Amino acid sequence: MLDVIGLTPAEEELYRCLLQLTTARIDELVRRMHRPRAQVVAEVEALRGKGLVQSTDTDPDAPLRPNAPDVALGATLLRRQEDLEAARRRVTQLAEEYRSGLRRHHVDHLVEVITGARVLRDRLRDLQNSARTEVLWFCRANPLAMAGPENLEEFDALARGVSYRAIYERELLLEPGALADLAKGVGAGEQARVLDRLPVRLAIVDARTAICPLVPDRDGGEPSAAVIGRSQLLDALIALFESHWRVATRLRLEDPLTDPVGDGRRTDPDDRPADGYRPDADEARLLSLFVAGVPDKSIASQLGVSRRTVQRRLAELMAAAGVDTRPGLAFQVARRGWI
């Protein structure tokens, strides 16, 4: 197995023998391994070159001792991992160039139809793994292929600097555990907003590829989707997303521990307060859920407080905004840019 990082089976066997002995001379290794002395000497020198063996002094027949393998081979493993990751990115780039060439010469390659939840899920994962700049999502309730907690690729992409903008249907926020899952994504850097209803399910990666289901959810059966390359159809889907993004309500779900001083730092570039008042981290989370239409019970669960506490805090915020109704508070939140 270790030959993938340059350690031959014979060298590995000799190294394991030395590990058992803790210290040994060349002659002892020759007897133990039942190998010609010249071969053992060559293998010891190879192990010495890889940093796996050291001598107690400069005498060629001095006792040999093994070095820790994780220290000696760790750098080699890291280089191989980096090489594999670079090769994976290169293959992804070549695959995109291949598809682009097909699309230029064959109109039927502008749209690829895929069928089955597993195929759809695998394609969504591949696209996120290849993302370089931005991923856009329309997230409707009752996912067809990939539930939020299953989408680990998003966190990997966010960690390497890919931007995520997601719009969620309000109904999805009411599903068990949905708010906690969204909070993890927002805490990792996702920009999240909410609308009453979304027209379609949609994912767009780097403004070069989109995935959109072909049949309504209610039709049942195996889901099918269109994978759409660069085209005017893709441009229209991007415009559809941007038009909904502009009118969607921002969700602020960051963990207050990540904003301990409550200074109102925001990941959403469109978030600019219109007056001098800035809600603290807890108030901002509360207001974002309130404006998104999340019921008091769900807000309380997300914030880890009682429903009565939520109602009291909303009353205090209404007083701060100078209004006495919840619709009035929602209007003031938007007007003053509090979230």
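- The chain has the name TrmB family transcriptional regulator in an unreviewed UniProt entry, where Micromonospora parastrephiae is given as its organism.

Observations concerning the overall build of the chain
At step 1: Secondary structure summary: the chain contains 13 helices and ten strands in total.
At step 2: Counting only residues that meet the buried cut, the chain has 43% of its 339 residues in that class.
At step 3: Sequence-distant contacts in the chain: of pairs separated by 6 or more residues, those separated by 24 or more amount to 67%.
At step 4: Entry remark: accessible area of the chain is about 18,300 Å², with carbon and sulfur atoms responsible for 54%.

Regarding the pairing of strand S6 (residues 191-195)
At step 1: Most of S6 is tucked away, with five of its five residues classed as buried.
At step 2: Two strands pair when backbone bridges link them, and strand S5 (residues 163-169) and S6 are joined in this way by five bridges, in the parallel orientation. Bridge pairing in S6 links Arg165 to Gln191.
At step 3: Bridge count for S6 against strand S10 (residues 249-250) is two bridges, and the pairing is antiparallel. Within the sheet, the bridge partner assigned to Val194 lies in S10 and is Thr249.

Topic: the packing of helix H11 (residues 296-303) against helix H12 (residues 307-321)
At step 1: Where H11 contacts H12, the two axes come as close as 8 Å, and the packing angle between them is 100°. The orientation of H11 with respect to H12, classified from their angle, is roughly perpendicular. In this structure, H11 contributes Asp296, Lys297, Ile299, Ala300 and Leu303 to the contact, and H12 contributes Arg307, Val310, Gln311, Arg313 and Leu314.

Re the sheet that holds strand S3 (residues 111-115)
At step 1: Read from one edge to the other, the open sheet built from eight strands follows the order S3-S9-S8-S7-S4-S5-S6-S10, with strand pairing classed as mixed. Where the open sheet ends on each side, the last strands, each with one partner, are S3 and S10.
At step 2: Bridge count between strand S4 (residues 134-139) and S5: six bridges; the pairing is parallel. Bridging across to S5, Leu136 finds its partner in Arg165.

A few points about the environment of Val186
At step 1: With respect to the helices and strands, Val186 occurs in helix H8 (residues 178-187).
At step 2: It is 9.3 Å that separates the C-alpha atoms of Val186 and Tyr164, two residues lying 22 residues apart in sequence.

What about the packing of aromatic side chains?
At step 1: Considering all chains together, one arrives at two aromatic pairs under this definition.
At step 2: Centroid distance Phe241 to Trp245: 5.9 Å. Interplanar angle 20°. Geometry classified as stacked. Taken together, the residues span about one helical turn, with Phe241 and Trp245 both in helix H9 (residues 232-247) at a distance of four residues.
At step 3: Relative accessible area serves as the criterion here: at 0%, Phe241 is assigned to the buried category.
At step 4: These aromatic residues form a ring-pair network of at least three members: Phe138, Phe241 and Trp245.

Things to note about helix H13 (residues 326-336)
The α-helix advances 3.6 residues per turn, and as a result positions three or four apart in sequence lie on the same side.
At step 1: Among the residues making up H13, those that are buried are Gly328, Leu329, Gln332, Val333 and Arg336. Seen along its axis, H13 keeps its buried residues to an arc of 140°; they face one direction. Set apart from the buried face of H13 by more than 90 degrees, the exposed residues are Pro327, Phe331 and Ala334.
At step 2: Near the N-terminus of H13, the side chain that reaches the backbone nitrogen of Gly328, with its oxygen 3.1 Å away, is that of Thr325.

Here we look at the side chain of Ser224
At step 1: Assignment of secondary structure puts Ser224 in strand S9 (residues 224-228).
At step 2: The exposure class of Ser224 is buried, given its relative accessible area of 14%.
At step 3: Apart from the residues within four sequence positions on either side, Ser224 is in contact with Ile114, Thr115, Pro213, Leu214 and Val215.

Describing the pattern of salt bridges
At step 1: Within this structure, the stated rule accounts for 16 salt bridges.
At step 2: Across the salt bridge formed by Arg37 and Asp27, the nearest N and O atoms sit 2.2 Å from each other. With a gap of ten residues between them, Arg37 in helix H3 (residues 37-49) and Asp27 in helix H2 (residues 26-33) connect regions that are remote in the sequence.
At step 3: You can call Asp27 partly exposed: its relative accessible area is 42%.
At step 4: Of the charged contacts, one joins Arg48 and Glu45 as a salt bridge, the two residues approaching to 3.1 Å between their closest N and O atoms. In this pair, Arg48 and Glu45 both sit in helix H3, three residues apart, roughly one turn of the helix.
At step 5: A residue is classified by how much of its surface remains accessible, and Arg48, at 30% relative accessible area, is partly exposed.
At step 6: In the salt-bridge network here, residues are joined through shared partners; they are Glu13, Arg35 and Glu43.

About the criteria used
Residues numbered from 1 in each chain as written. Predicted model: local features only at pLDDT ≥ 70, side-chain atom pairs only at ≥ 80, totals over all residues. Heavy atoms only, no water. Helix = DSSP H or I, 4+ residues; strand = E, 2+ residues; numbered from the N terminus. Buried < 20%, exposed > 50% of the residue type's maximum accessible area, 1.4 Å probe, protein only. Contact = heavy atoms within 4.5 Å. Areas by Shrake-Rupley, 256 points an atom, 1.4 Å probe, with all protein chains shown as cover. Pairing = 2+ DSSP bridges. Axes fitted to C-alpha atoms, helices over the stretch in contact; angles between N-to-C directions. Parallel < 35°, antiparallel > 145°, perpendicular 65-115°, else oblique. Phe/Tyr/Trp six-rings, centres within 6.5 Å; stacked < 30°, edge-to-face > 60°. Arc of directions from axis to C-beta. Polar contact = N/O pair within 3.5 Å; in protein donor to acceptor, adjacent residues only side chain to side chain. Salt bridge = Lys/Arg side-chain N within 4 Å of Asp/Glu carboxyl O.

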